[in-house]
Amino acid sequence: MITTSTQPQPDVTAAPVPRRRTLGGYNLRQLAQLGPVVALLALAVFFAIAAPNFTTGSNLTNVLQQVSITAVAAVGATVVILVAGIDLSVGSIVALTGSIAALYLQHAILSTGASAAVAVLVSLVVGTACGFLNGLLVTVAKVPAFIATLATLTALRGIALLVTNSYPISIKNPAFTDIGIGKIGAVPIPVIIMAVTFAVGYVILHRLKIGRRIYAVGGNREAARLSGIRVSRVLLFAFTFAGLCAGVASVILTAKLSSGQPAGAVGFELDVIAAVVVGGTSLFGGRGRLTGTFLGALIIAVLGNGLTLMNVPFYWQQIVTGAVVVGAVVLDRVTRGEPGE
């Protein structure tokens, strides 16, 4: 009697499992995570040797104050990029929120702490509203994020110029300007705000359900939808939170300049996106951490500060920064280990 084996046969048509890319036995993705740390240390050592006054206490404090504005906005940008989105309107949101806050302070009856608090609240509300608008364009109007935020980049800048008649709005409120230049003890207030913003971002991404959903949507949007995640709500949250972070960054910048600048923060969104990408967050979504974003923002700030101290022309600084961003994107692509690569 002839019997037929009932053992399942291997499926020769199954898609091959992508191999992890390695270098000397180490996972390339794990090595890439160390890239921002190594790059920052290398830059610090180089500028400590080549740039005068780089290691002075006043200059290092200046670097931290400079990086705080970019880093705060980059927290929101990280969340957007984690869902495989992009936000090009950050600079315009900063300009608009700062201009409106400055207009309020200019017309406030008293230059008191209460007026400063209201101005901060106005900035946060306007920034959040702008982010919510971006989210509606992406989720309800189904406009691609690149196009939607490119449109609001132009429109919000126009509104800022309109409400200010294209003139800077000076601020004479010490309680407000202290936010940008004051200290609590020996720690600059912008650095404290930056730390609080990163703490909030960490809780959102790693301690709340929305954080897991953000990573899921960025990793595979269709799979997230089929698993029951309301993708549109996650996207709306991501863009709204980015607008809130831009509002916080606007408060620091406006207070530091003691004026609302409707024509200011041009190209700021590029610095923010550069910080996120250099920090290791994947432009393809689903992978990245806020610690990397902070390191990326530090790298961009240290690079600019050191080159300035070396009297390198600004256009060369832009070229170098662009090369660093391209290198980070290429590294991300190489270490993803997708099939067919």
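Residues numbered from 1 in each chain as written. Predicted model: local features only at pLDDT ≥ 70, side-chain atom pairs only at ≥ 80, totals over all residues. Heavy atoms only, no water.

- The name an unreviewed UniProt entry assigns to the chain is Ribonucleotide-diphosphate reductase subunit alpha, from the organism Mycolicibacterium mageritense.
- Under the heading Subcellular location (unreviewed entry), UniProt records this for the chain: "Cell membrane". (UniProt positions renumbered as here; feature names shortened; annotations may be inferred.)

## With respect to the packing of aromatic side chains
Item 1. Inspection of every chain in the model, using the stated rule, returns five aromatic pairs.
Item 2. Judged by centre distance (5.3 Å) and plane angle (65°), the rings of phenylalanine 46 and phenylalanine 47 are edge-to-face.
Item 3. We classify phenylalanine 46 as partly exposed; its relative accessible area is 43%.
Item 4. For phenylalanine 47, a relative accessible area of 1% gives the class buried.
Item 5. Their ring planes at 5° and their centres at 6.0 Å tell us that phenylalanine 237 and phenylalanine 241 sit as a pair that is stacked. Taken together, the residues span about one helical turn, with phenylalanine 237 and phenylalanine 241 both in helix H11 (residues 231-257) at a distance of four residues.
Item 6. Residue class for phenylalanine 241 comes out buried when judged on its relative accessible area of 8%. (Phe/Tyr/Trp six-rings, centres within 6.5 Å; stacked < 30°, edge-to-face > 60°. Buried < 20%, exposed > 50% of the residue type's maximum accessible area, 1.4 Å probe, protein only. Helix = DSSP H or I, 4+ residues; strand = E, 2+ residues; numbered from the N terminus.)

## What about helix H7 (residues 174-181)?
Item 1. Looking only at H7, the buried set comprises Phe176, Thr177, Ile179 and Gly180. Angularly, the buried residues of H7 cover 135° about the axis, an arc narrow enough to put them on a single face.
Item 2. Considering only its buried residues, H7 is in contact with helix H3 (57-82), helix H4 (90-107), helix H5 (113-139), helix H8 (189-207) and H11.
Item 3. Sitting at the amino-terminal end of H7 is asparagine 173, which places a side-chain oxygen 3.0 Å from the backbone nitrogen of alanine 175. (Arc of directions from axis to C-beta. Contact = heavy atoms within 4.5 Å. Polar contact = N/O pair within 3.5 Å; in protein donor to acceptor, adjacent residues only side chain to side chain.)

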